[in-house]
Amino acid sequence: MNTETLYEISAKLKKGPIIMNYQYNLQFETLCNSLELGELIKIPEAISGGLLHKMFVIQTSTSKYAVKALNPQIMARPTALNNYIKSERIVSIVSNYIPAQPAKIYNLGFLQNIDNQYYIIFDWIEGNSLKSHEITKANCKKIGSILAEIHKTDSSQIGNSSINELSNGIQQIDLELLFKYGERNSF
C-alpha cells in the first residue's frame, strides 16, 4: 500500500508541493439569490458560535438568518460530508424533545454548496450568551435536563423516512450501540 503524501509525490515529480486552496469563498449574495432568501439589506456580520467554522447573521428583505460557512479544510476530509449528514439527522429527531434548531432545507438538502463553499442556513433566534458570573444553578439544571432528554431519545426514530431523505442513503447511527460503548468506557 502506497502511503506517500501529496508533498512527497509532487516533489518526486519535480513540480514542487501541491498547494490546495482551503480558503473560505464567501458569496452571500449568490447564496441569497440561489436559495431565494431575499435581497441582502445589511452587510453580513460575523458572530460567535463556532470553533471550527464561521458563523454569520444575514438580514434579507424577507427574514433574518444564521449562516454557518463550513471550514474548507474540514470539508476536504473524506468523512466530513457524511458526518454532517448524520449530525443533522440526529438534530432533526432530538428537536422534537429539546429546544434545538434544525437546519433549513433548500433544494432537498440542508447543505448548500456555492462554488465549493458549503453553508448551512438556520432561522435566526434572538438571544444572548451568559457570562460565567451570570450562570446560576437553575441554568445548570436546565442544561442537565436537556442533556438527559438527548440521551433518552429513542434511536429507532432515526430510521424515519423523512430523516432518510436528508441522508441520501448514508448508513444510520446506532445510538444504543454508542450508549453501550460509552458505558463500557466510562464516558
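Just above, that's the structure.
The structure contained in this document is the topic of the report that follows.

About the cut-offs
Residues numbered from 1 in each chain as written. Predicted model: local features only at pLDDT ≥ 70, side-chain atom pairs only at ≥ 80, totals over all residues. Heavy atoms only, no water. Pairing = 2+ DSSP bridges. Helix = DSSP H or I, 4+ residues; strand = E, 2+ residues; numbered from the N terminus. Axes fitted to C-alpha atoms, helices over the stretch in contact; angles between N-to-C directions. Contact = heavy atoms within 4.5 Å. Patch = residues over 30% accessible without salt bridge, like charges linked within 9 Å, V, L, I, M, F, W, Y side chains within 5 Å. Areas by Shrake-Rupley, 256 points an atom, 1.4 Å probe, with all protein chains shown as cover. Salt bridge = Lys/Arg side-chain N within 4 Å of Asp/Glu carboxyl O. Buried < 20%, exposed > 50% of the residue type's maximum accessible area, 1.4 Å probe, protein only. Phe/Tyr/Trp six-rings, centres within 6.5 Å; stacked < 30°, edge-to-face > 60°. Lys NZ or Arg CZ within 6 Å of the ring centre and 35° of its normal.

What follows deals with the sheet that holds strand β3 (residues 64-69). Strand order in the open sheet formed by 5 strands is β1-β2-β3-β5-β4, with antiparallel pairing between adjacent strands. The open sheet has two edge strands, β1 (45-47) and β4 (111-114), and neither has a second partner. On average, each strand axis in the sheet is inclined to that of its neighbour by 35°, with strand direction left out of account. The pairing of β4 with strand β5 (residues 117-123) spans 4 bridges and is classified as antiparallel. From the neighbouring strand, Asn-113 faces β5, where its bridge partner is Tyr-118. Against the sheet, helix α2 (residues 28-35) touches β2 (54-59), β3, β4 and β5, its axis set at about 120° to β4.

Bringing a nonpolar patch on the surface into the picture now. Together, Ile-143, Leu-147 and Ile-150 give the surface a local cluster of nonpolar side chains, amounting to about 250 Å² of exposed area. For Leu-147, a relative accessible area of 44% translates into the label partly exposed.

Turning next to the packing of aromatic side chains. Taken as a whole and judged by the stated rule, the model has 2 aromatic pairs. Judged by centre distance (4.9 Å) and plane angle (65°), the rings of Phe-28 and Phe-56 are edge-to-face. Remark: Phe-56 occurs in strand β2 and Phe-28 occurs in helix α2; sequence separation between them is 28 residues. The exposure class of Phe-28 is buried, given its relative accessible area of 10%. For Phe-56, a relative accessible area of 9% translates into the label buried. An aromatic cluster is present here, built from Phe-28, Phe-56 and Tyr-119 joined pairwise through their rings. Just above the ring of Tyr-24 sits the side chain of Lys-54; from NZ or CZ to the centre is 4.4 Å.

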